[in-house]
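Each chain is listed here by its residues.
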Amino acid sequence: MFLSFSLLILYYYYYSEKKMPKDAYDGIKFLFKLITDVFFREIKVSGAHNVPREDPCIFIVAPHANQFVDPGMVIISNPRRFSPLMAESSFKRKIVGAAARALKAIPVIRPQDLATKGKGQLFVNKDSLTILNGKDTQFKAQAAPRDMIVLSKSLSFVITEVISDTELRLKTELTPEAIEHISKSATFKIIPHVDQGVLYEKVHERLNQNESIVIFPEGGSHDRSEMLPLKAGFAIMALSAMAENKDLKVKIVPVGLNYFHPHRFRSRAVISYGVPISIEPELVEDYIKGGTSKHDAISKVLESGYEGLKSVTINAPSYDTLMIIATARRLYRPAAEHKLTIDQVVELNRRFLLGYRHFEKDPRLVDLAQRIKAYNNTLKYFGLRDYQVARTQYTAYSAAPILVSRIIKLVFLAIFGFPSLLINSPLIILALVISQKKQEEALAGSSVKIAARDVLATWKILVALVGMPALYGFYSFLLFLYLYFNGYAHSFGLSCLVWVVLPFIQYICVLVLENSVDIYNSLSPLFLSLSNPDGAAELRKMRENLSNTITTFVDENGSTALKDFDKSKFDKMELHEKIESRRILNGLDIAPTVLTKWFDDKNLFNFNSNSSISSDDSESE
């Protein structure tokens, strides 16, 4: 059965790509395409033309918000082949490790993966806060200079000298928090210093062959609204490679991963490629000199990389700020009003954030932010989203028939979608349980994660990859037993056919359920129009006044914060194009004008204009 499933995958790949996979890299890329097309509702790539075609590149990617999914997003969007840098511990995972080896990933030994629990107990030396004492400790066996002693997630100190089995010298003095922690809990860990010389050799080898690498300079994945401080590894790699080979011209390409809801099934994402960063020969010469000059050269490349990533990402200091920015962007009326593509949404959010940071302490903006918060709270009170406010303008006579028709359609779609939920319920429950367990483990082991949502999508996908063939195989086995013992001919062949076809049937059911959710979300403004028309009118008035205020403020002050501000910018932007079909069907030559429309999640039941539910970008924020 697994062989037949593999043959079907290859068959689909041939018809969608018009060629057979050349090697394992092509196979992994296609697999990621298939996974992301199912998991995400829409993916948009912008700036791919910025990627150099010839020069060796170091792609720096941020924010790292979706663990193992993030490398896949770069693979499916990048016109260049590359070798990702990946934690050596990930190579030990069966599925992830196999994919890493197929991509010729470069293993990175992370010191935290080699941490060992310290023996004995620690005590503070009151005479010197750079000296750490222990009882029943074995510092000489467990620690060495440049190792790190870790007291908690946020408390760690570098060891400069191992004086004896019970005495260490630290690089910096113990902080009051560390002293208090030691008095309450004397447990600790030792993280060894790792020489990354082998890693740099492998990176240099790839770059010298005009190949490319991908690195996530934040380190581990996280779920914060702002990028973490970047590690200097990519800057050192670029400078050291060019210092070793004077003819090498390494380009650093910033890549921004902008998810609307990274952990949710059928969400949206934008992958943005920034302008390549060239490294000046003077910086390479400074790096070769060593000392302060070397440090300054690394810092300048690091800063350039950070600025490059800021140009393709949205970095808000908090989720509250991000919510204010998103609401203000939706309420702003450009010179030419039309629906935006999701990459335009991301770019406009980024520009709004720049303006917000510029005017952050301006009393006018402070007052405006408070009004936006009040508006959002009012929306919560009425149970609406911003894009639904305009849909409350129906009169009772016009809203009632639309409401009834949509309820009928919702029931009709639910009848088709419910069996899918029932069939997949074991897999859904298993994915939720395992992903939540991994979320708890990730949160317990990290000092930077807020809720560890960055691991949810990865584990949902991994569970589905293993569980879906197994679950559908089990159903097919039950069908085989039924057919066999009832004397049906070709019972085995029919069972295998059902096992192969079932995933595609379930995908259609997913699209049906997606339409059901869209219709369900459209009921709230209709209910409000019928039950509280005065409240709906006040809400629309509140939105209109706030929209006018925001538009006036932006148009009058935008040029102060942004040099390239142009209130007519949207006049020159491409109009939002309707998604032709789900990407999983792209490339099929079988009656495309009919088949692709059948499987389009917006045309599946061919709703008329009065009752169709548009997929507003606001729904994904």
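Residues numbered from 1 in each chain as written. Predicted model: local features only at pLDDT ≥ 70, side-chain atom pairs only at ≥ 80, totals over all residues. Heavy atoms only, no water.

(A) Seen up close, the overall build of the protein chain. Assigned secondary structure in the protein chain consists of 19 helices and 15 strands. For the protein chain, with 621 residues in total, the buried portion stands at 47%. Taking all contacts inside the protein chain whose residues are at least 6 apart in sequence as the whole, residues at least 24 apart take part in 74%. Carbon and sulfur atoms form 58% of the exposed surface of the protein chain, whose accessible area is close to 31500 Å². (Helix = DSSP H or I, 4+ residues; strand = E, 2+ residues; numbered from the N terminus. Buried < 20%, exposed > 50% of the residue type's maximum accessible area, 1.4 Å probe, protein only. Contact = heavy atoms within 4.5 Å. Areas by Shrake-Rupley, 256 points an atom, 1.4 Å probe, with all protein chains shown as cover.)

(B) Structural context of the pairing of strand β2 (residues 57-62). For β2, the tally of buried residues reaches six of six residues, placing the bulk of the element in the interior. Pairing of β2 with strand β13 (residues 251-259) involves six bridges; the strand directions are parallel. Along β13, the bridge assignment pairs Cys57 with Lys251. Where β2 meets strand β12 (residues 213-215), three bridges bridge the pair, whose relative direction is parallel. Opposite Ile58, over in β12, you have Ile213 as the bridge partner. (Pairing = 2+ DSSP bridges.)

(C) Examining the environment of Arg41 more closely. Here Arg41 is to be found in strand β1 (residues 40-46). For Arg41, a relative accessible area of 10% translates into the label buried. Sequence separation between Arg41 and Ser267 is 226 residues; the distance between their C-alpha atoms is 5.2 Å.

(D) Representation of unusual backbone geometry within the structure. Here the residue pair Ala62 and Pro63 is connected by a cis peptide bond, since its omega of -15° sits within 30 degrees of zero. Structurally, Pro63 can be placed in the loop between β2 and α3 (69-77). The residue Gln67 is not glycine, and still its phi comes out positive at about 35°. Along the chain, Gln67 falls in the loop between β2 and α3. For Gln67, a relative accessible area of 18% translates into the label buried. Positive phi values are uncommon outside glycine, yet Lys104 reaches one of about 55°. With relative accessibility at 60%, the residue Lys104 sits in the exposed group.

(E) Representation of the confidence of the model for the protein chain in the model. Across the protein chain, the average pLDDT comes to 83, with 87% of residues at 70 or higher. Here residues 1-5 is modelled with pLDDT under 50, and outside its nearest four sequence neighbours on either side it reaches eight contacts, counting other chains as well. Contacts for the low-pLDDT stretch residues 574-621, under 50 throughout, to residues beyond four places or in other chains number 109 contacts. (pLDDT = per-residue confidence, 0-100.)

(F) Up close: the sheet that holds strand β9 (residues 156-164). Overall, antiparallel pairing links the seven strands, which are arranged β5-β11-β8-β9-β10-β7-β6 in an open sheet. Two strands close off the open sheet at either side, each with one partner strand: β5 (116-117) and β6 (121-124). Where strand β8 (residues 148-150) and strand β11 (residues 189-191) come together, three bridges link them in antiparallel fashion. Counted as the bridge partner of Val150 is Lys189 from β11. The strands that helix α6 (residues 176-184) touches are β6, β7 (131-135) and β9; relative to β6, the one it contacts most, it runs at about 135°. (Axes fitted to C-alpha atoms, helices over the stretch in contact; angles between N-to-C directions.)

(G) Fine view of the pattern of salt bridges. Taken as a whole, this structure holds 20 salt bridges when the rule is applied. Of the charged contacts, one joins Arg169 and Glu161 as a salt bridge, the two residues approaching to 3.1 Å between their closest N and O atoms. Arg169 sits in the partly exposed class, given a relative accessible area of 33%. Residue Glu161 is classed as partly exposed on the basis of its relative accessible area of 35%. Within the structure, one salt-bridge network assembled from shared partners comprises Arg41, Arg266, Glu514 and Asp518. (Salt bridge = Lys/Arg side-chain N within 4 Å of Asp/Glu carboxyl O.)

(H) A look at the pairing of strand β3 (residues 83-87). Burial within β3 is extensive, with five of its five residues counted as buried. Residues of β3 alternate between two faces, with Ser83, Leu85 and Ala87 on one and Pro84 and Met86 on the opposite face, all of them buried. Sheet topology note: the β3/β12 ladder contains two bridges and is parallel. Within the sheet, the bridge partner assigned to Pro84 lies in β12 and is Val214.

(I) How the structure looks around the packing of aromatic side chains. If you walk through the whole model with that rule in mind, you get 15 aromatic pairs. Ring centres of Phe39 and Phe40 lie 5.2 Å apart, and the angle between their planes is 75°; on these two criteria the pair is classed as edge-to-face. Phe40 sits in the buried class, given a relative accessible area of 0%. Three or more aromatic residues joined by ring pairs form one cluster here, namely Tyr25, Phe59, Phe82 and Tyr273. It is Arg453 that lies over the ring of Tyr319; its NZ or CZ is 5.6 Å from the centre. (Phe/Tyr/Trp six-rings, centres within 6.5 Å; stacked < 30°, edge-to-face > 60°. Lys NZ or Arg CZ within 6 Å of the ring centre and 35° of its normal.)

(J) Looking closely at the packing of helix α14 (residues 396-444) against helix α15 (residues 456-485). Remark: α14 packs on α15, axes separated minimally by 9 Å, with the N-to-C direction vectors making an angle of 150°. One element, α14, and the other, α15, form an angle in the roughly antiparallel class. For α14 against α15, the interelement crossing comes out right-handed. Between α14, through Ile423, Asn424, Pro426, Leu427, Leu430, Ala431, Ile434, Ser435, Gln436, Lys438 and Gln439, and α15, the contact on the second element is made entirely by Leu456, Trp459, Lys460, Val463, Ala464, Gly467, Met468, Leu471, Tyr472 and Tyr475. Looking at the contact of α14 with α15 residue by residue, the class counts come to 14 nonpolar, five polar and two charged. (Parallel < 35°, antiparallel > 145°, perpendicular 65-115°, else oblique. Left-handed = near helix turned anticlockwise from the far one by under 90°. Nonpolar A, V, L, I, M, F, W, Y, C, P; charged D, E, K, R; others polar.)

(K) Spotlight on the packing of helix α7 (residues 197-208) against helix α8 (residues 233-244). The N-to-C vectors of α7 and α8 enclose an angle of 60°; their axes lie 10 Å apart at closest approach. Judged by the angle between their axes, α7 and α8 are oblique. As α7 packs across α8, the resulting crossing turns out to be right-handed. Of α8, the residues touching α7 (which contributes Leu199, Tyr200, Val203, His204, Leu207 and Asn208) are Gly233, Ile236, Met237, Ser240, Ala241 and Glu244.

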